[in-house]
Amino acid sequence: MWEIFAYQNSDGLFGIFNAIAAIRGSDTYLSAMAGVAFCGFIAALLAYAFAPQKLQGWQWLATVVLVYSVLFVPRVTVGIVDKTGGAPVKIIDNVPFGLAMFGGITSTVGTTITELFETAFQVIPGNANLPSELTYQKNGLLFGNRLIRETGSVVFQDPNFRTDLINFIHNCTMFDLIDGTIDPTTFSRSDDVWSLMGNPNPARFTTLTSVGGSVSTDTCPNAYNALSARIPAQVSLIQGKLAFQLNPTLPAAAASSVIANQIQQAYIRNHIANAAASAADIIRQNAMLNAINDTGKIIGQKINDPASIILAVGQAQAVAQTNAAWINNGKIAEQALPVVRNVVEALAYALFPLVVLLLFLTSGRETMMALKNYLGVLIWIQLWPPLYAILNYMASIYAASELSAAADIGSGAKALSLLTASPIFANAISSQAVVGYLTISIPVIAWAAIKRMENLGNALVGGLSGLQSTTSSTSGSAANGNVNMGNVSMDQMQLAPNRTSAFMSSAQSDITGNTLSTNALTGVSAINMLRNQGFASRTVSVKVGEQEVAEANKSADAARSEAIAANTERSTILADIFSKGTTKLGSHRSSSGSSRSSYEEIGNSLDHLNQITNQVASKTGLTQQQVAQIAFGAAGHFGFGTNSPILNAGAEVRASAGKNYSAGISAEEQKVLSYLTQDQMAEFKKFGDRLSRDTSVLNALSRDNSEASELSSRLATTTNRAQRTEAKYAERVAFAERLSSAREKGETISIDIAADPHNIEMFRRYAEQYGGTSASAHALLDSELARQAPRPNRVFSDGTAVPVSFGDASKQHDSYSAAPNLKPNIDTINMKNRSAVKAHGPAISAPEQAASAPNPELKTVRKDIQEGGKVLTDKTSSAPKEFDKETEITKTENGTLATRKSLLLNAASQGGRDASNTFENAKEIVQKVLQDK
């Protein structure tokens, strides 16, 4: 029987070899083998046909016969021997001889070397001795450190017992330490703290939980006795858990029987406990130390002490952060690489059927190289255990010295106590982490050994690269001052997650500093302007109140009254002109009996209006003058001024003006207006507009030019005033409506001028120079109001003050527009000047130019100009053609210009001229030389 030695993977290898035995006897595999052999036969036949002298065909046939008859056909029995557990040997029949031979030889050689090394390590005298319980073959790498780490973190499993123990420590032991009943120094260095807690003060009490869950109160000595009676069962429970946890491959009974000796040897080997300490004592001491540490954390929570809670959480987090990296790296030594080794070993055995098929395609030397490579992989795998055994021994020796130093309580004494528990735990896990890094180099070193140790140095350096990178990053962070330990955050709550949209973009201007945010989907943008921020503020606000609305309405009423008065004045003048016109027209017709067409048209209009006024006057009992005045006033109000830009802005304003006008007239006026139709009102409006525009009508209706000028001046003045008042009235009505609407909406406009970056000096004065007390703030406000009050009074060049409001400017404009010196009547001045000239002599009339005969020389000017233009046009059109002809320029097919002149001929001509010039120059030089002689 061939033996295959397994390290924590006996079940896996048992399954692999059973699968290979089943594959070897299956028809499917035999069919595959036949197919591969046929392909190899064809290849060998072709090779032999082209090169018979090399005997490739015969070599292939011999190889197939040997591989099939030696490695595959013989069947043997294989036994899987578990070196790390107590499982019996697993037997597998019908295993191919080749696999059993290769696996058995390599496995036996590797196991033998490992056993020799570990046996030698056990018999070495002194501190270099390695107990059999801590060897690699039995329990893996650094089993002693794993034991110390696991036992150092044990706690009592029973919740009731743990609660009673913590209450006892808090209610009894802590007060004994305070009053000196227990010496704190002795307590912190003792390797058996439970025995020191056995003489508590009988005057103190604590709680105990019975089996049924009921809680009672008893004295501290009675509580200690009760807890002492319950501790052995709790220790046995912890010990059983550690047995299964640290010996997963052993049966339950075997694990329970070996765990006590394993724990004892680990602590004794590392000088943490003496030979008299049992496994139960060690477990109880670790559990008691953890209970004492937990008391300070749990009691702080029970009494609602925030400081102790935060301190406890910070300490726990600091320890967890410090140890997390070491523990994770230590897991590599414990689990990762052993698992990798076992998986690679199983794959190498599982590939044997495929290796046999591939060998059928080779011959001679190629077959031997393939078998060599396969055997090399098996040897490489079996070199891992002896190398692991050596690493385990060296790491255990190193860890023993570290743990021994950490367990020193002074004066050369060593013990597991409150003082040394934390350093022992930290050194145990740090040693495991270092070994975890070194285990990475084991496969590389084993492969270098297979390759005749050529690259052993590179393998050793490469195995330390991971440790170097980690220490470099950690040391660099510490050197930069980046230390982060024990960070505690409590009572933090987020009700909604923070989310940013990928479609939002922000850009800050380099010039203004304003930030513009834009939504790429909708195109909507918003600006966040650069501003001063602080407690200083100076706000200018504008809002509409009830008082402003009332004042605006009063202003509109006043403007309405002015508009009615101006329109009434204008209608009076129009009625006066109408009366004079009807009188003059009647007298003119009676005297002359005929008139011109212009007078006839005016007469028709006056007759029609006269008929209307007579009819209305007869119905109302008023005179024609009164009816005409009322008609011109109403027509002027409802239709006059339609060219005003303000009135054209909206029909609502005109309608409102008409209603207000109707509400302000007398009963007689309303009676007259009731008898007038819209067409009749339009006639009055048309006649009034014509009088306002055409001064010739006034001249026709007046007795003389002086009267016409006076009426024209009066009418123009009243018309302008009516236009201004009506426009002013419409503007104030619109303003009043806007104010009323703004008041209903509650609109307020405010600007904080202190936030403007241009006013940074003002902001600094407000925020820095004044502040701190209310008195300084009052002083600031008083000085600022005094500084702002006396505003500069700007004046015009003539010394008059500039208007301080828009209303004052409008009033000045109205007064200046109505001033006679700013709007003179040119016609009146002309008539006065003519009258003054007339008084000194006969009237001067413009001389009439006598009709003269045309100049005969002018008749030929047009013809001469036309002929000259034709000559110029002919010259202009012929000039480009003559230029092209002289320069011999032509246009090619693609639109570019070319010349017909030969460059070769030009060069020859230039060469001839150069020769002639050279000859002349030489001739002159010779003549000059002869003359000099």
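Residues numbered from 1 in each chain as written. Predicted model: local features only at pLDDT ≥ 70, side-chain atom pairs only at ≥ 80, totals over all residues. Heavy atoms only, no water.

This part is about the overall build of the chain. Helix and strand counts for the chain come out as 35 helices and 14 strands. Every one of the 933 residues in the chain was classed for burial, and the buried ones make up 33%. Taking the intrachain contacts of the chain between residues at least 6 apart in sequence as the baseline, contacts between residues at least 24 apart amount to 70%. When the accessible surface of the chain is totalled, it reaches about 55100 Å², and 58% of it is carbon and sulfur. (Helix = DSSP H or I, 4+ residues; strand = E, 2+ residues; numbered from the N terminus. Buried < 20%, exposed > 50% of the residue type's maximum accessible area, 1.4 Å probe, protein only. Contact = heavy atoms within 4.5 Å. Areas by Shrake-Rupley, 256 points an atom, 1.4 Å probe, with all protein chains shown as cover.)

Turning our eyes to something else, we now look at the side chain of T151. The residue T151 is located in helix α6 (residues 143-152) in this model. For T151, a relative accessible area of 0% translates into the label buried. Within the local environment of T151, its side chain forms a polar contact with the backbone oxygen of L147, the two atoms lying 2.7 Å apart. Sequence-distant contacts of T151, defined by excluding residues within four places in its chain, comprise L242, I263, Y267 and N286. (Polar contact = N/O pair within 3.5 Å; in protein donor to acceptor, adjacent residues only side chain to side chain.)

Moving on, we come to the nonpolar core. The biggest cluster of nonpolar side chains holds 53 residues, and the ones touching the most others in it are L165, F168, W194 and I263. Where this core is concerned, the elements lending two or more residues are α6, α7 (159-179), α9 (193-196), α10 (220-246), α11 (252-269), α12 (279-302), α16 (384-406) and α17 (421-439). Sorting elements by how many residues they give to this core places α10 first, with ten residues. Taken domain by domain, the makeup of this core includes at least three residues from each of domain 1 (2-123 + 322-476) and domain 2 (154-303). If near-sequence neighbours (up to four positions away) are discounted, I263 is found in contact with L147, T151, L242, A279, I282 and I283. Within the second largest apolar cluster, 50 residues are counted, among which are I20, F72, I80 and V355. (Core = buried A, V, L, I, M, F, W, Y, C linked by side-chain atoms within 4.5 Å. Domains from an automatic or database assignment.)

All right, on to unusual backbone geometry then. A positive phi is found at N94, a non-glycine position, where the angle reads about 60 degrees. Topologically, N94 is positioned in strand β3 (residues 90-96). One non-glycine residue, H271, lies in the positive phi region at around 60 degrees. Assignment of secondary structure puts H271 in the loop between α11 and α12.

All right, on to the pairing of strand β9 (residues 515-519) then. Of the pairings in the sheet, the one linking strand β8 (residues 504-508) to β9 comprises five bridges and is antiparallel in character. By the bridge assignment for β9, S505 is matched with T518. Hairpin connection, β8 to β9: the antiparallel pair is bridged by six residues, and G513 has positive phi, about 80 degrees. Across four bridges, β9 lies against strand β10 (residues 525-528) in antiparallel orientation. Bridge pairing in β10 links L516 to I527. Connecting β9 to the antiparallel partner β10 that follows it, the hairpin turn spans five residues, and G523 within it adopts a positive phi of roughly 80 degrees. (Pairing = 2+ DSSP bridges.)

On to the sheet that holds β10. The sheet built from three strands is open, its strands ordered β8-β9-β10 with antiparallel pairing. On the outer flanks of this sheet lie β8 and β10, each paired with one strand and no other. Direction aside, neighbouring strands of the sheet carry axes that sit 20 degrees apart on average. (Axes fitted to C-alpha atoms, helices over the stretch in contact; angles between N-to-C directions.)

Read across the open sheet, the three strands follow the order β1-β2-β3; overall the sheet is mixed. Looking at strand neighbours, the two that pair on one side only are β1 (2-6) and β3, the edges of this open sheet. Mean inter-strand twist for the sheet, computed between neighbouring axes without regard to direction, equals 30 degrees. Sheet topology note: the β1/strand β2 (residues 75-82) ladder contains five bridges and is parallel. Bridge pairing links E3 to G79 in β2.

With numbering aligned to this structure, UniProt lists the feature "transmembrane region" (unreviewed entry) at residues 29-51, 58-81, 346-362, 374-395 and 424-450. Counted over residues 374-395, helix gives 95% and strand 0%. Its end C-alpha atoms are 32 Å apart. (UniProt positions renumbered as here; feature names shortened; annotations may be inferred.)

This part is about the confidence of the model for the chain. This prediction gives the chain a mean pLDDT of 74; 73% of its residues lie at or above 70. Across residues 474-483, confidence stays below pLDDT 50; counting only partners more than four residues off in sequence or on other chains, it has one contact. Predicted confidence is poor over residues 592-596, with pLDDT under 50, and the contacts of this stretch with residues over four places away or in other chains come to four contacts. (pLDDT = per-residue confidence, 0-100.)

Going through the model one piece at a time under the given rule, you end up with nine salt bridges. The salt bridge partner of R204 is D179, with a shortest N-O separation of 3.0 Å. Here R204 is found in the loop between α9 and β4 (205-209), whereas its partner D179 is found in helix α7, with 25 residues between them in sequence. D179 sits in the partly exposed class, given a relative accessible area of 41%. (Salt bridge = Lys/Arg side-chain N within 4 Å of Asp/Glu carboxyl O.)

Quick look at a nonpolar patch on the surface now. A surface patch of nonpolar side chains, amounting to about 480 Å² of accessible area, comprises F38, F41, I42, L45 and L46. Relative to the elements of secondary structure, F38 occurs in helix α2 (residues 27-50). The exposure class of F38 is exposed, given its relative accessible area of 54%. (Patch = residues over 30% accessible without salt bridge, like charges linked within 9 Å, V, L, I, M, F, W, Y side chains within 5 Å.)

Summed over the entire model, instances satisfying the criterion amount to 15 aromatic pairs. Among the aromatic residues, those joined into a cluster by ring pairs are W380, W384, Y388 and W447. Seen from the ring of F72, R24 lies directly overhead, with NZ or CZ sitting 4.9 Å from the centre. (Phe/Tyr/Trp six-rings, centres within 6.5 Å; stacked < 30°, edge-to-face > 60°. Lys NZ or Arg CZ within 6 Å of the ring centre and 35° of its normal.)

Another aspect to go through is the environment of D11. Position of D11 relative to the elements: it lies in helix α1 (residues 10-24). Polar contacts involving the side chain of D11 include one to the side chain of K90, which spans 3.4 Å.

Below, the discussion takes up the environment of E707. Structurally, the position occupied by E707 is in helix α29 (residues 705-745). The exposure class of E707 is buried, given its relative accessible area of 8%. Between the C-alpha atom of E707 and that of T828, which follows or precedes it by 121 residues, the distance is 9.8 Å.

At a minimum axis separation of 4 Å, helix α15 (residues 365-382) and α16 run at an interaxial angle of 20 degrees. One finds that α15 runs roughly parallel with respect to α16. Facing W380, I381 and Q382 of α15, the residues of α16 in contact are W384, P385 and P386. Partitioned by chemical class, the residues of the contact of α15 with α16 number five nonpolar, one polar and no charged. (Parallel < 35°, antiparallel > 145°, perpendicular 65-115°, else oblique. Nonpolar A, V, L, I, M, F, W, Y, C, P; charged D, E, K, R; others polar.)

A separate point is the packing of α15 against helix α18 (residues 441-450). The angle between the axes and the distance between the axes are what describe a pair of packed helices. At their nearest, the axes of α15 and α18 sit 9 Å apart, and the two run at 135 degrees to each other. In terms of axis orientation, α15 runs oblique to α18. Once α15 is placed against α18, the crossing between them reads as right-handed. The residues of α18 that touch α15, namely those facing G376, I379 and W380, are P443, A446, W447 and I450. (Left-handed = near helix turned anticlockwise from the far one by under 90°.)

Another point: the environment of A266. In this fold, A266 is placed in helix α11. Note: C-alpha distance between A266 and P131 (135 residues apart in sequence) is 8.6 Å. Not counting residues within four places of it along the chain, the set of residues in contact with A266 comprises L134, G144, L147 and I148.

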